[in-house]
Amino acid sequence: MTPAARIQASIEILDQILSGMPVEKSLTNWARRSRFAGSKDRAAVRDHVFDALRCQRSYAALGGADTGRGLMIGALRASGERPEDLFTGARHAPAVLSECEVRRDFHSDAESLDIPEWLWPRFQSSLGDQAVAVARALQHRAPVHLRVNLVKTDVAFASKSLAAEDITAAPHPTCETALEVTQGARKIAQSRTYAMGLVELQDAASQAVVAALNLRPGMRVLDYCAGGGGKSLALAAHQGVEVFAHDVNAGRMRDLPARAERAGVRIQIVSTDKLEQQKPFDVILADAPCSGSGSWRRAPAGKWALTESRLQELTGIQSNILDKLSTMVAPGGVLAYATCSMLEDENGAVVASFLRANPEWSEEFRKTWFVSHGADGFFTAHLTR
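All residue numbers refer to positions counted from 1 along the written sequence of the respective chain. Given that this is a predicted model, residues contribute local features only at a pLDDT of at least 70 and side-chain atom pairs are listed and counted only at 80 or more, while totals for whole chains, interfaces and linings are drawn from all residues. Side-chain descriptors were evaluated using all non-hydrogen atoms of the structure, hydrogens and water having been removed beforehand.

1. Details of the sheet that holds strand β9 (residues 329–339)
At least two DSSP bridges between two strands are required for those strands to pair. Helix numbering and strand numbering both begin at the N terminus, where a helix is a DSSP run of H or I of at least 4 residues and a strand a DSSP run of E of at least 2. Read from one edge to the other, the open sheet built from seven strands follows the order β7-β6-β5-β8-β9-β11-β10, with strand pairing classed as mixed. Both outer strands of the open sheet, β7 (267–269) and β10 (362–369), are each paired with one neighbouring strand and no more. The average angle at which neighbouring strand axes cross in this sheet is 20 degrees, direction not considered. Taken together, the three bridges between strand β6 (residues 242–245) and β7 define a ladder with parallel strand orientation. Paired with Ala245 across the bridge in β7 is Ile269. Together, β8 (281–287), β9, β10 and β11 (378–384) form the strand contacts of helix α11 (residues 204–211), whose direction differs from that of β11 by roughly 10 degrees. The sheet contacts of helix α17 (residues 348–357) involve β9, β10 and β11, and relative to β11 the element is tilted by about 15 degrees. The convention used is that axes are lines fitted to C-alpha atoms, helices contributing only their stretch in contact, and that angles between N-to-C directions extend from 0 to 180 degrees. Working rule for contacts: check all heavy atoms of both residues, and any pair within 4.5 Å makes them a contact.

Here you go:
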């Protein structure tokens, strides 16, 4: 495919997404229809689409319209390229620009920084002097991080093993088990290093949430909102810790047994109806459902789907999870609340509300990671009774 044809394909996919189709479904449908597209074409189109979604508001302003075409015109202008050079109307290229497809001035800081207008005051209040830096970081692609599986190897050997397969990775300061991949990221899933369970794809801040727990042999630990099980695997890498994984949507954990086998660890999957029988736990980690604002670089559609009512709904869910899990923690145990959000509504405010309602509990640890620090945005607080 020519660069212009890739732009046209991206326009068509973006129009479907803007009409309500899920991002991955739209990309998959296009790939199935476009057997002629090679792996480099598919990767380039995917990058165009995600870049446009991360910067939807600013690109729409630069391109003159909140459409697939407007976003791609805006993307080219933002990168310093001339849309006229690709919008030629030639075979498989987008139609030539019209006189009305001109850039306009940004109406607000929120628009130029690609944050929903209603959210910007909360965003600023939550992040303070980091707000602009974080918003700008969210406009760019997220780095690729790996967790070194200390059950099987160490950081130095994992790095050498990856390098032998033309994958370059360096230690990341956020967590001692984290590597940041700087070259060859698309080779990871097919690499021998990954297949042997020496590394696992996991953001550095997500790893740090687990590393912040004071885990000791003999502890019974529950990963309550396990999702795909990344944190469960990180928990199980601690020698002598008995790990239980639960998610209200058990289907999210369907790959976890195979991943645990590859990693050389044991994880007990617990269904919702059996959870009460397993209590109490020494540590419960609740990475609660949230806005995902800390991971909007990876899932940018979530930024534009979030509404004020949905945010209020999420904080209610988060509070209910804390209330439920507080009855399942062993005396002297830890309830670790976490979100991949940087919004105070979902973080400190939820913890404060819980502590006001439960004065026998106290907070012994709190940490926030911002996207501007080079990882996903995360929050965690350790609560004890």
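2. What to know about the packing of aromatic side chains
Under the pairing criterion, centres of Phe, Tyr and Trp rings, with the six-membered ring standing for Trp, must be within 6.5 Å; the plane angle then separates stacked pairs below 30 degrees from edge-to-face pairs above 60, leaving the rest tilted. Within this structure, the stated rule accounts for four aromatic pairs. Judged by centre distance (5.8 Å) and plane angle (65 degrees), the rings of Phe354 and Trp361 are edge-to-face. For every residue, the accessible area obtained with a 1.4 Å probe (protein chains only) is divided by the maximum for its type, and the residue is called buried under 20%, exposed over 50%, and partly exposed between those limits. For Phe354, a relative accessible area of 4% translates into the label buried. Trp361 sits in the buried class, given a relative accessible area of 4%. The residue whose ring lies beneath Arg262 is Tyr194, and the NZ or CZ to ring-centre distance is 4.4 Å. Consider the ring centre and the ring normal. A charge sits over the ring if Lys NZ or Arg CZ is within 6 Å of that centre and within 35 degrees of that normal.

3. Looking at the pairing of strand β3 (residues 178–183)
The sheet contact formed by strand β1 (residues 144–148) and β3 spans four bridges and is antiparallel. Looking across to β3, one finds that His145 is bridged to Glu180. Relative to β3, strand β2 (residues 168–171) runs antiparallel, the two sharing four bridges. Within β3, the residue paired with Ala169 across the bridge is Val181. Between β2 and the antiparallel strand that follows it, β3, lie six residues.

4. Digging into the pattern of salt bridges
The rule for a salt bridge is simple: a side-chain nitrogen of Lys or Arg has to be within 4 Å of a carboxyl oxygen of Asp or Glu. What the rule picks out here adds up to 22 salt bridges. Arg141 is paired through a salt bridge with Asp47; the nearest N and O atoms lie 3.6 Å apart. Of this pair, Arg141 sits in the loop between α8 (131–138) and β1 while Asp47 sits in helix α3 (residues 39–54), placing them 94 residues apart in sequence. By relative accessible area, Arg141 is classed as partly exposed at 46%. A salt bridge links Asp376 to Arg298; the nearest nitrogen and oxygen atoms lie 2.9 Å apart. Separated by 78 residues along the polypeptide, Asp376 in the loop between β10 and β11 and Arg298 in the loop between β8 and α15 (301–305) bring together distant segments of the chain. Residue class for Arg298 comes out partly exposed when judged on its relative accessible area of 35%. Linked by salt bridges that have partners in common, Asp203, Arg297, Arg298 and Asp376 make up one network.

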